[in-house]
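Listed below are the residues making up each chain.
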Amino acid sequence: MFSPSVYATVSARSKWPRTVAAMSTTLSRRNMLAGGLAGAGAAAAAPFLLPQAARAAVPAAPASASGKVFTLAVIPDTQYLFDGESLHPEPLAETMKHLAGMKDLAFVAHLGDVVQNGQAQEVAAAKKPFEILTKKGIPFSVVAGNHDLPNSNTDDQRGPTPFLDAFGPLASRRRIARDAGGYNSAYTFDGAGTEFLLLALDWRLSTAGIAWARSVLEAHAGTPTIITVHDSISADSGTGVQSAHGKLVWDKLINDNPQVFLSINGHFWPSGRMARENAAGRPVELHLANYQQLYYGGAAAVRLYRFDLERGVVDVSTEVPHIEAGGLNELEREELQLTAATDRFSFALPPSLTPPKRREPRPASAMLIRGTEAYWRFEGTGPLAAGRRIEDASGRGNTLVVTGPSTVPLAFAAASHPAQPSGSSLTFTGSKDTGAYLLTADTAPINKAAFERGYTFEAFFKLPEPFTGDSAWSAIISRWVSAKAAGRVNGDVDEPAATLSVSGGPELQWCVYPTNLDRGVTNWGHELRTSRWWHVAVVNDGRHTTMYVDGCAVVRNPSTVNKGLAGGEAGAPWAVGAYSWAGELDKTWLGSIGDIRIVSRALAPREFMIA
């Protein structure tokens, strides 16, 4: 049954190549633009190369930084570490220590064949590493494999065994149900804010065991479900094939329960995978993970399923913490990371798991916190012709007026960030010469505001797809006055006195000329994806300015003491969706803009509109 896997000889400390966009916070907008957009994101050299067969298996996209990420760890057959008088718990203990140190770990599942002969002394030795998880409060499950049982010719009604005596009471945290025989159990766990159900099933299900599992599925209908079972598919030829027991699990539990999207088993080797459509026409991933045939019985290799709910993708990798922790001999170097297509790959999550949960719309009055100077919501239908007015929901009279040499008017859209108070936005589809934008009325009080005591500017936005040079350096909101006209002489003084723009990166840029300085100060965000809505907040406490993206502070916030915003003395208006240069229109926004709120004090993240 053995066929060799493909391995990569790599350093444990090597990092996957990534795109680097390192920009100085003192670099001007014009200098960066003149340097070309490509220079802002040059690819770093790869620290190592995988064999060709492995290279195709590497997950193609990086994990998001949205916080919607968690890891499910799966440990397959460890039986050769616990075989009669040959007891070696160290590799399993090292794996458990490694998992206990992971910040986003949600659950650990062992796939069975924990030990070789089902003897009490083997089970006792294997149990101890699991106590590392117990002490850390990490939920886990353990299923019985055929080698865990004194008599494998029995089903889940076999009665007491050393395995059940040891693991029955141990694997209890997050367990919500257990069948009468004790060999089948169900768990729920939190995966980045989404509840998942995991069924840990015996190596041989009885009629009673199947009925119990179906009752759990019915009680948790709609909850995304993962099944772990010792015997389901084999992959001797490289392609997954369902075993007789695997067909039973499919027919009785998976096929007519569309909430089940993933099944993982051990038992056979080498590792493999297959996908099959259930009765509802939805794909179900069926995975086989087993490394017992490798050096040192697999050394308790662990399969990591990294769920990224924002991307709708699961990135799968396989590691051997015990080998990584020790000195490497010749055979160990071959198996530090397993990179065959069956050990390192990605697959898509069901669509039901990927959409972000949308909050109920909130009235404008709920957003009028202390210090609110302006609050604009873009609610309506159809296009907005020149001269159309958007009233200030704060009641302070900071009306916006549709402006610009536009042959392509703005348009209302029923789309927004899932946490935005209103459920609509404005779509900007013009260009420099044809784009419309919004400008505060001449009488708007905010035109004269200097914000000496601090400020918070918040906005929701979405970038166009594709993001091109035509989109670069457009502004979400900016002050329609040049730094030169505001009395500044240092820097690119033709640029606006204040602007929240998007670079060619695309990265957010808050570039302002404070009232206490004769030069500009810039906050830089990170590279943004075009496939999602974003929330940005720029907060000044009278001394320092911090940019937040989706409530998270970015890294490039300058330490320069700065307060206030230049331009108020000139009564300069504010533009939404446009950027000026030397006081003239330079570029209009391409993309979407949602709610905007300006507050004349520093807000804590808990006070943001997304909170």
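In this text, all values refer to a predicted model and were calculated from it rather than measured experimentally.

Reading guide: rules and limits
- Residues numbered from 1 in each chain as written.
- Predicted model: local features only at pLDDT ≥ 70, side-chain atom pairs only at ≥ 80, totals over all residues.
- Heavy atoms only, no water.
- Helix = DSSP H or I, 4+ residues; strand = E, 2+ residues; numbered from the N terminus.
- Buried < 20%, exposed > 50% of the residue type's maximum accessible area, 1.4 Å probe, protein only.
- Contact = heavy atoms within 4.5 Å.
- Areas by Shrake-Rupley, 256 points an atom, 1.4 Å probe, with all protein chains shown as cover.
- Phe/Tyr/Trp six-rings, centres within 6.5 Å; stacked < 30°, edge-to-face > 60°.
- Lys NZ or Arg CZ within 6 Å of the ring centre and 35° of its normal.
- Axes fitted to C-alpha atoms, helices over the stretch in contact; angles between N-to-C directions.
- Parallel < 35°, antiparallel > 145°, perpendicular 65-115°, else oblique.
- Pairing = 2+ DSSP bridges.
- Expected span 1.5 Å × (residues − 1).
- Bend = angle between axes of the 7 residues up to and from the residue.
- Salt bridge = Lys/Arg side-chain N within 4 Å of Asp/Glu carboxyl O.
- Nonpolar A, V, L, I, M, F, W, Y, C, P; charged D, E, K, R; others polar.
- Core = buried A, V, L, I, M, F, W, Y, C linked by side-chain atoms within 4.5 Å.
- pLDDT = per-residue confidence, 0-100.

Here we look at the overall build of the protein
And then number 1: Looking only at helices and strands, one finds 9 helices and 38 strands in the protein.
And then number 2: Counting only residues that meet the buried cut, the protein has 56% of its 611 residues in that class.
And then number 3: Of the contacts made within the protein by residues no fewer than 6 positions apart, 71% connect residues no fewer than 24 positions apart.
And then number 4: Just so you have it, the protein exposes about 24100 Å², and 52% of that area is on carbon and sulfur atoms.

Section: the packing of aromatic side chains
And then number 1: Under the criterion given, the structure shown has 24 aromatic pairs.
And then number 2: Look at Phe107 and Phe189: their rings are 5.2 Å apart centre to centre, the planes differ by 25°, and that puts the pair in the stacked class. Here Phe189 lies in strand E8 (residues 185-191) and Phe107 lies in strand E5 (residues 105-110), a separation of 82 residues in the sequence.
And then number 3: For Phe189, a relative accessible area of 1% gives the class buried.
And then number 4: Through successive ring pairs, a cluster of aromatic residues spans Phe70, Phe107, Tyr187, Phe189, Phe196, Phe261 and Phe307.
And then number 5: Taking the ring centre of Trp203 as reference, the NZ or CZ of Arg204 above it sits at 3.7 Å.
And then number 6: The cationic tip of Arg532 hangs over the ring face of Trp534; the distance from NZ or CZ to the ring centre is 3.8 Å.

Quick look at the environment of Thr188
And then number 1: Mapped onto the elements, Thr188 comes out in strand E8.
And then number 2: Sequence-wise, Thr188 and Arg175 are 13 residues apart; in three dimensions their C-alpha atoms are separated by 6.8 Å.

Observations concerning unusual backbone geometry
And then number 1: A cis amide bond links Trp269 to the next residue, Pro270, at an omega of 5°.
And then number 2: Its place among the elements puts Pro270 in the loop between strand E13 (260-265) and strand E14 (272-277).
And then number 3: Following Glu465, the chain continues to Pro466 via a peptide bond in cis, the omega torsion being 5°.
And then number 4: Position of Pro466 relative to the elements: it lies in the loop between strand E27 (455-462) and strand E28 (475-479).
And then number 5: Phi is positive for Asp550, which is not a glycine, with a value near 50°.
And then number 6: You can see Asp550 is positioned in the loop between strand E33 (545-549) and strand E34 (552-553).
And then number 7: Backbone geometry places Ala582, a non-glycine residue, at a positive phi of 55°.
And then number 8: In this structure, Ala582 sits in the loop between strand E36 (578-581) and strand E37 (584-588).
And then number 9: When its relative accessible area of 41% is taken as the criterion, Ala582 is described as partly exposed.

Things to note about the packing of helix H3 (residues 90-100) against helix H4 (residues 120-136)
And then number 1: Closest axis-to-axis distance for the H3/H4 pair is 9 Å, and the angle between their directions is 10°. Here H4 runs roughly parallel to H3, going by the angle between their axes. Side by side, H3 and H4 meet where Leu92, Ala93, Met96, Lys97 and Ala100 of the first sit next to Ala126, Pro129, Phe130, Ile132, Leu133 and Lys136 of the second.

Points about the environment of Pro270
And then number 1: On the accessibility criterion, Pro270 (6% relative accessible area) is buried.
And then number 2: In this structure, the C-alpha to C-alpha distance between Pro270 and Gly238, residues 32 residues apart in sequence, is 8.0 Å.

Regarding helix H5 (residues 162-170)
And then number 1: All of the buried residues along H5 are Phe163, Leu164, Ala166, Phe167, Gly168 and Leu170.
And then number 2: If you follow the buried residues of H5, they end up packed against H4, strand E6 (140-142) and strand E7 (175-178).

A word on the pairing of strand E26 (residues 437-440)
And then number 1: Residues Tyr437 and Leu439 line one face of E26 and the alternating positions Leu438 and Thr440 line the opposite face, and both faces are buried.
And then number 2: Sheet analysis places E26 next to strand E35 (residues 574-576), joined by 2 bridges and oriented antiparallel. Looking across to E35, one finds that Leu438 is bridged to Val576.

Section: H4
And then number 1: The terminal C-alpha atoms of H4 lie 25 Å apart, and with 17 residues this matches the ideal 24 Å at 1.5 Å per residue to within 8%.
And then number 2: Taking the largest bend as the criterion, H4 deviates by roughly 30°, centred on Pro129.
And then number 3: For H4, the complete set of buried residues consists of Glu122, Val123, Ala125, Ala126, Pro129, Phe130 and Leu133.
And then number 4: Positive phi shows up at Gly137, right after H4, with a value of about 75°.

Quick look at the pattern of salt bridges
And then number 1: One pass over the full model with this rule turns up 15 salt bridges.
And then number 2: The salt bridge partner of Asp550 is Arg532, with a shortest N-O separation of 2.1 Å. Separated by 18 residues along the polypeptide, Asp550 in the loop between E33 and E34 and Arg532 in the loop between strand E31 (521-527) and strand E32 (533-540) bring together distant segments of the chain.
And then number 3: Classification of Asp550 as partly exposed rests on a relative accessible area of 22%.
And then number 4: Through salt bridges with shared partners, a single ionic network connects Asp308, Arg311 and Asp315.

Brief notes about the packing of H4 against H5
A pair of packed helices is captured by two measures, namely the crossing angle of their axes and the spacing between those axes.
And then number 1: Across the interface, H4 lies against H5 with an axial gap of 9 Å and an inter-helix angle of 10°. Compared by their axis directions, H4 and H5 come out roughly parallel. Here Ala120, Val123, Ala126, Lys127, Phe130 and Thr134 of H4 lie close against H5, whose contacting residues are Pro162, Phe163, Ala166, Phe167 and Leu170.
And then number 2: When its residues are assigned to classes, the contact of H4 with H5 shows 9 nonpolar, 1 polar and 1 charged.

Focus: the nonpolar core
And then number 1: Grouped together as the largest cluster of nonpolar side chains are 44 residues, with contacts concentrated most on Phe378 and Leu508.
And then number 2: The element best represented in this core is E27, accounting for 4 residues.
And then number 3: Judged by nonpolar contacts, the second largest core, of 35 residues, contains Phe70, Ala106, Leu111 and Phe347.

Section: the confidence of the model for the protein
And then number 1: Looking at the protein as a whole, the pLDDT averages 86, with 86% of positions reaching at least 70.
And then number 2: Taken together, the stretch residues 1-63 has pLDDT below 50 and engages in 110 contacts with residues farther than four places along the chain or on a different chain.

Quick look at the sheet that holds strand E30 (residues 507-512)
And then number 1: Spatially, the 8 strands line up as an open sheet ordered E22-E23-E26-E35-E28-E29-E30-E31, and their pairing is antiparallel. Every interior strand has two partners, whereas the edge strands, strand E22 (389-390) and E31, have only one.

Description of the pairing of strand E2 (residues 69-75)
And then number 1: Burial runs high along E2: 7 of the 7 residues are buried.
And then number 2: Neither face of E2 is open: one carries Val69, Thr71, Ala73 and Ile75, the other Phe70, Leu72 and Val74, and all of them are buried.
And then number 3: Relative to strand E16 (residues 302-308), E2 runs antiparallel, the two sharing 6 bridges. Bridged to Phe70 within E16 is Phe307.
And then number 4: Relative to E5, E2 is paired through 5 bridges, and the arrangement is parallel. Its bridge partner lying in E5, Leu72 is registered against Phe107.

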